[in-house]
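Fold and contact review
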Amino acid sequence: MFGLGTKNIGIDLGTANTLVYMEGKGIVLREPSVVAKNTQTGEVIAVGSEAKEMIGRTPGTIVAIRPMRDGVIADYDTTAAMLKYFIEKTVSNSKPSVMVCVPSGVTEVEKRAVIDATRVAGAREAFVIEEPFAAAIGAGLPVMDPTGSMVVDIGGGTTDVATISLGGIVSSTSIRQAGDKFNSAIINHIHSSFNLLIGERTAEDIKIQIGSASVEKAKEIESMNIRGRDLVTGLPKSVDVEAVDIAKAIQDVVQNIIIAIKETLEQTSPEIAADVIDHGIILTGGGALLKNLPEVISEATKVPVFIAQNPLDCVAIGTGESLKNIEVMRKSRK
């Protein structure tokens, strides 16, 4: 327990992982967005890393679920229970003000659900910040300057693309094509090619180890041995998977992300587009770590592409940093 009185906190409430940033401390908690519940009593058995270990390994009475889907709340009560656990673990015995990030494409109803769940979880007051704006702050981009910046945040559930200038989002696109869709494409490929059933965790491992945004560059990556359940015999089986085949399997998702980036660039003014060409596109989020992704995006857009310094932490850092402007947000609410 960190228990530091009434320190305010920023929460990157992600589809795959939740990060908590505390004022004056930085990132103090990093856990998977997973909750294990007893299906008969509704009781929460475990949250975070402990619950993730249970995915695919639970008895009939326990289910391990991810209450966030595509960047928004899919299971309200479970999300509130998960937030309560994270808030209490971070700031015990106090009710902090909490800033939570949301994808740029969410509706007002979805925003309200996040605010309500955060307050139910124990926050004194809750505010939301759009994910790409938080990512830009966390990546150290000059968001308050009269110059255009472009950020692409590829999380678990959504890819958020935005151009930013003078403290606001100029143009943005949010698509529900990101890390989870990469995993689904890999699961479907293994299923159709080998009659082999694998889980999300195995798909994630494949993506991290041999996944590539470039089919051509994937030829340089060695194959990987994976295990799953043979759908014909029902027995365990292991096969070797080629990186080229995985790259082909995830191409649709890669192309959808590129289309979203192009659409956002088309919506923006010539001046900001010129700034983006000068300064490049910054990638954040776990999806930014997919092999060869910067080169593939750069080739498609003819704009330099860079990965932010700590891509996994940018949104959480930006969400936490925005707590400095909490007074402004309080006034705007009145």
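Residues numbered from 1 in each chain as written. Predicted model: local features only at pLDDT ≥ 70, side-chain atom pairs only at ≥ 80, totals over all residues. Heavy atoms only, no water.

1. Points about the pairing of strand β11 (residues 149–154)
The buried count for β11 comes to six of six residues, which makes it a mostly enclosed element. Neither face of β11 is left uncovered, since the one carrying Ser 149, Val 151 and Asp 153 and the one carrying Met 150, Val 152 and Ile 154 both have all their residues buried. As paired strands, β11 and strand β12 (residues 159–165) are joined by six bridges and run antiparallel to one another. Looking across to β12, one finds that Ser 149 is bridged to Ile 164. The pairing of β11 with strand β17 (residues 281–284) spans four bridges and is parallel. Note on β17: the bridge partner recorded for Val 152 is Leu 283. (Buried < 20%, exposed > 50% of the residue type's maximum accessible area, 1.4 Å probe, protein only. Helix = DSSP H or I, 4+ residues; strand = E, 2+ residues; numbered from the N terminus. Pairing = 2+ DSSP bridges.)

2. Digging into the packing of helix α4 (residues 131–138) against helix α12 (residues 314–321)
Two packed helices can be described by the angle between their axes and the distance between those axes. Viewed as axis vectors pointing N to C, α4 and α12 meet at an angle of 90°, and their least axial separation amounts to 6 Å. Here α12 runs roughly perpendicular to α4, going by the angle between their axes. On α12, the residues touching Glu 131, Ala 134, Ala 135, Ile 137 and Gly 138 of α4 are Cys 314, Val 315, Ile 317, Gly 318, Thr 319 and Glu 321. Here the contact of α4 with α12 is built from residues that sort into six nonpolar, three polar and two charged. (Axes fitted to C-alpha atoms, helices over the stretch in contact; angles between N-to-C directions. Parallel < 35°, antiparallel > 145°, perpendicular 65-115°, else oblique. Contact = heavy atoms within 4.5 Å. Nonpolar A, V, L, I, M, F, W, Y, C, P; charged D, E, K, R; others polar.)

3. Comments concerning the side chain of Ser 212
Here Ser 212 is to be found in the loop between α6 (200–210) and α7 (215–218). For Ser 212, a relative accessible area of 0% translates into the label buried. Among the polar contacts listed, one links the side chain of Ser 212 to the backbone oxygen of Ser 214, at a separation of 2.8 Å. Reaching out from Ser 212, the side chain makes a polar contact with the side chain of Asn 292 at a distance of 2.8 Å. What Ser 212 contacts, discounting residues up to four positions off in sequence, is Lys 217, Ala 218, Ile 221, Ala 247, Ile 250, Gln 251, Leu 290, Lys 291 and Asn 292. (Polar contact = N/O pair within 3.5 Å; in protein donor to acceptor, adjacent residues only side chain to side chain.)

4. Focus on the packing of aromatic side chains
With the rule as written, the count across this model stands at one aromatic pair. Summarising the aromatic geometry, the rings of Tyr 85 and Phe 86 are spaced 5.6 Å apart at their centres and angled 65° between planes, so their arrangement reads as edge-to-face. You can call Tyr 85 partly exposed: its relative accessible area is 32%. (Phe/Tyr/Trp six-rings, centres within 6.5 Å; stacked < 30°, edge-to-face > 60°.)

5. Looking at the nonpolar core
Counting 45 residues, the largest nonpolar core has Ile 198, Ile 226, Ile 261 and Ile 281 as its most contacted members. The biggest single contributor to this core is helix α9 (residues 251–267), with seven residues. Setting aside its immediate chain neighbours within four residues, Ile 226 contacts Ile 190, Leu 196, Ile 198, Thr 202, Ile 206, Lys 237, Ser 238, Val 239 and Val 241. Grouped together as the second largest cluster of nonpolar side chains are 29 residues, Leu 13, Val 35, Ala 80 and Ala 121 included. (Core = buried A, V, L, I, M, F, W, Y, C linked by side-chain atoms within 4.5 Å.)

6. So, the environment of Arg 112
Turning to its location among the elements, Arg 112 is positioned in helix α3 (residues 108–120). With 12 residues separating them along the chain, Arg 112 and Val 100 place their C-alpha atoms 11 Å apart.

7. Describing empty space enclosed by the protein
Counting across every chain of the model gives one cavity of 30 Å³ or more. In this structure, the largest cavity occupies an estimated 30 Å³ of space. Contributing to the lining of the largest cavity are Leu 13, Met 68, Gly 71, Val 100, Cys 101, Val 102, Pro 103, Val 114 and Glu 131. The element best represented in the lining of the largest cavity is strand β9 (residues 97–102), accounting for three residues. Tallied by class, residues from the lining of the largest cavity come to seven nonpolar, one polar and one charged. (1 Å grid on protein atoms, 1.4 Å probe; cavity = no way out; pocket = protein on both sides within 12 Å on 5 of 7 lines; lining within 4 Å. Points joined across faces, edges and corners; volume = space filled by probe spheres on them.)

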